[in-house]
There are 2 protein chains.
Amino acid sequence: MTKQIKLEDVAAKAGVSKATVSRVINRRGYLSQKTIMKVEEAISALNYHPNVIAQQMHTQRTKQIGIIVPTVGTPFFGELAAELERRLFNKGYKVIIGGAENDPVKERKYLQQLLGRQVDGLIIATHNANIAEYQHANLPIVAIDRYLRDDIPVVYSDNYAGAREACQALLDRGATRVAYTDNLNPLNAQDEGRLQAYRAAMRAAGMPELIYPSLPDPEAKRARFAQLFAEHPEVDAVFASNDLDAALLLDLATQRGLRVPEDLQIIGYDGTKTTQTLLPGLATVVQPLAAMAERTVALLEDKINRKPTPAKVVLPVTLKPGRTLRQLA
Amino acid sequence: MTKQIKLEDVAAKAGVSKATVSRVINRRGYLSQKTIMKVEEAISALNYHPNVIAQQMHTQRTKQIGIIVPTVGTPFFGELAAELERRLFNKGYKVIIGGAENDPVKERKYLQQLLGRQVDGLIIATHNANIAEYQHANLPIVAIDRYLRDDIPVVYSDNYAGAREACQALLDRGATRVAYTDNLNPLNAQDEGRLQAYRAAMRAAGMPELIYPSLPDPEAKRARFAQLFAEHPEVDAVFASNDLDAALLLDLATQRGLRVPEDLQIIGYDGTKTTQTLLPGLATVVQPLAAMAERTVALLEDKINRKPTPAKVVLPVTLKPGRTLRQLA
DNA sequence: GGCTCCTTTTGCATCGTGATACAATGGAGC
DNA sequence: GCTCCATTGTATCACGATGCAAAAGGAGCC
């Protein structure tokens, strides 16, 4: 705003050299009590704050970590970002957050800029198109829920087991026709785990597969899900690959006069705090967000410190029953 | 990771001088097509990215904006952060996000570091204790929903009108005892608007005030809200100052066998996309998040460019009726 | 006084980019 | 041989904090 106070100004005010001020700030080397006091008085009198950019220039480190998520405006990624941010802050890092918004152009722009040593490391939690920049990125990276490159570790929860248990929970409670809704982006290897588990469960139960895409546009998605009920009135259970979709299905079902869980059982996926607060009755598969964040940050630190890291970390999920499931027979 | 490629390396590889490489990158001065090609080839061959820190050092700008929120793990602030981030990105800024977590110590730490010109501007959306650092901050700042200092513009939505309409909606539908729950932090001037409107409405209706605090700890809050029903069975309507509390009250009421809205009407506040997806039936007061973000970013840009800014911007809210309200008589 | 030893302070180079001034080269055109 | 202009190179500085080597100050000792 007005004038930028720098080290030199403090030095002049205190009547010492720049080096001495620096040494007072960082408590290094020999210092007389008298100079320490003089300098500290000058610092607070001028309201001096060291220029972080200059420090970064010198250390060649920014102590900043980039996090790329689809958006923080959604419970899963919002809570994930919050968990990551808290842990990174405790380790002295600040977080640059990028909402890729399922827009490969925006994601690419973020990467190109962040690759100029603006961050000491990167956490990628998007489900976008395979972006070339990742392949040549010369930077510590950890991915969440998505494979990027052989030497980039992936942290994810056990999607296959989670989906298997969700399907089993429905079948154990007498479901005869189970539909599945998912964001069927072929580039997300982990979500494939959920799809595969659903298919395997249907095969084992001798039931047909009923798969509906979860479209990005809210209106289109609502219309698509409405079709499900229209086309397949025999469906008496739905496994949604995320809780927001489960809530939408719940609303649609209620509007059509279906009773939940008597006529239709519903189970979601993710189990964030937000969903559990807003819809405490929803059955869901809870992803271990805190643990995922913990491991992600630990892996990133190892990468930064050039320690060896495992190729992947898989964490267990928990099934949370709820009022959208019938009582067990 | 390995070796840091710098301008000089590109120059050597392309067989030209540093100045020429700089000219090519920034398209300045006379340049032959041949050199442009040579240089660009070298750039991509070496996978060169300009060192952002050095650029920042030179321009004395970081093109980074700090956003301090309580947490992005909550629908309101998560969606707000997402709206802000998208607009800032479009203007060439990256976002450093800080979750203050209602912890004044953490908030203060963030400020002290960010004040070292690590960001070109700051957006404050916390409801924490009054932190001294704000008073001397020599940096463009815009606050959301909270007064900080005379020369820091505040953007907020019309809390008084929103609360007034919420209360009126309940009374119009035959409510005879209306309780109010809120995060009663005395430092949040705007929330006071909601409280005042509730009090005025009760006074006008000749009804007693029933005010319950929304505690930070989830378990404690649940217990506190349960008291509301135990202590005041005559309550037939609740106005919650946020949707998460409204959902909690809805759950508690259902568990106690109260029918909503027949026995108990509920209206919340905020009306985020997340709540409207998860609980589409909840009546609420919708805050204009997108407009708030838009105005905030515009004000911050004005501040950065030293243009005059208004002291405050108040935006209108919208009442969204729902199945937690009775039909109008 | 001259010497060593320790404390305290200072000057200077460094990090990578961008800006600026100025020189130098080469080719075209007359 | 001259001018004109496009093109590239060289050189230097600024940005602000840091860390090293060197210098300055003071005490003690012979």
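Residues numbered from 1 in each chain as written. Chains lettered and ligands numbered in written order. Predicted model: local features only at pLDDT ≥ 70, side-chain atom pairs only at ≥ 80, totals over all residues. Heavy atoms only, no water.

### What to know about helix α10 (residues 218-231) of chain A
Residue and element names in this part refer to chain A. Counted at 1.5 Å a residue, the expected span for α10 with its 14 residues is 20 Å, and the 20 Å between its end C-alpha atoms agrees. Taken together, the buried positions of α10 are occupied by K221, F225, L228 and F229. Taken end-on, α10 shows its buried residues confined to a sector of 90°, consistent with a single buried face. The exposed set on the far side of α10, more than 90 degrees from its buried face, consists of E219 and A230. Elements that come into contact with the buried residues of α10 comprise β6 (178-182), β7 (210-213) and α11 (243-255). (Helix = DSSP H or I, 4+ residues; strand = E, 2+ residues; numbered from the N terminus. Expected span 1.5 Å × (residues − 1). Buried < 20%, exposed > 50% of the residue type's maximum accessible area, 1.4 Å probe, protein only. Arc of directions from axis to C-beta. Contact = heavy atoms within 4.5 Å.)

### Things to note about the pairing of strand β10 (residues 283-286) of chain B
Residues and elements named next belong to chain B. Burial of the side chains of β10 extends over both faces: A283 and V285 are buried on one face and T284 and V286 on the other. Two elements, strand β9 (residues 265-270) and β10, share four bridges in a ladder whose sense is parallel. Residue pairing for β10: Y269 is matched across the bridge by V285. (Pairing = 2+ DSSP bridges.)

### A word on the domain arrangement of chain A
Domains assigned within chain A are domain 1 (7-59), domain 2 (64-156 + 289-315) and domain 3 (159-288). One C-alpha centre belongs to domain 1 of chain A, the other to domain 3 of chain A, and the line joining them spans 61 Å. (Domains from an automatic or database assignment.)

### Observations regarding the protein's contact with DNA strand C
Around DNA strand C lies a shell of 23 residues, among which T20(A), R23(A), Y30(A), L7(B) and Y48(B) are the nearest. Protein-proximal atoms of DNA strand C, defined as those within 4 Å of the protein, fall in sugar or phosphate at a share of 68%. K6(B) has a polar side-chain atom sitting 2.9 Å from a phosphate oxygen of DNA strand C. At 2.7 Å from a phosphate oxygen of DNA strand C is found a side-chain nitrogen or oxygen belonging to Y48(B). Those elements that provide at least two residues to the surface near DNA strand C are α2 (18-26) of chain A together with α2 (18-26) and α4 (52-59) of chain B. In terms of residue class, the surface near DNA strand C is built from 10 nonpolar, 10 polar and three charged. (Near = heavy atom within 4 Å. Polar contact = N/O pair within 3.5 Å; in protein donor to acceptor, adjacent residues only side chain to side chain. Nonpolar A, V, L, I, M, F, W, Y, C, P; charged D, E, K, R; others polar.)

### Side note on the sheet that holds strand β3 (residues 121-124) of chain A
Within the open sheet, the 12 strands sit side by side as β11(A)-β5(A)-β4(A)-β3(A)-β1(A)-β2(A)-β2(B)-β1(B)-β3(B)-β4(B)-β5(B)-β11(B). Their pairing is mixed. Of all the strands in the sheet, just β11 (312-315) of chain A together with β11 (312-315) of chain B have a single pairing partner and so form its edges. In this sheet, neighbouring strand axes are inclined to one another by 20° on average, regardless of whether the strands run parallel or antiparallel. Relative to strand β2 (residues 94-99) of chain B, strand β2 (residues 94-99) of chain A runs antiparallel, the two sharing three bridges. Across the sheet, I97(A) pairs through a bridge with V95(B), a residue of β2(B). Taken strand by strand, helix α5 (residues 75-90) of chain B contacts β2 of chain A together with β1 (64-69), β2, β3 (121-124) and β4 (141-144) of chain B, and its axis lies near 170° from that of β1(B). (Axes fitted to C-alpha atoms, helices over the stretch in contact; angles between N-to-C directions.)

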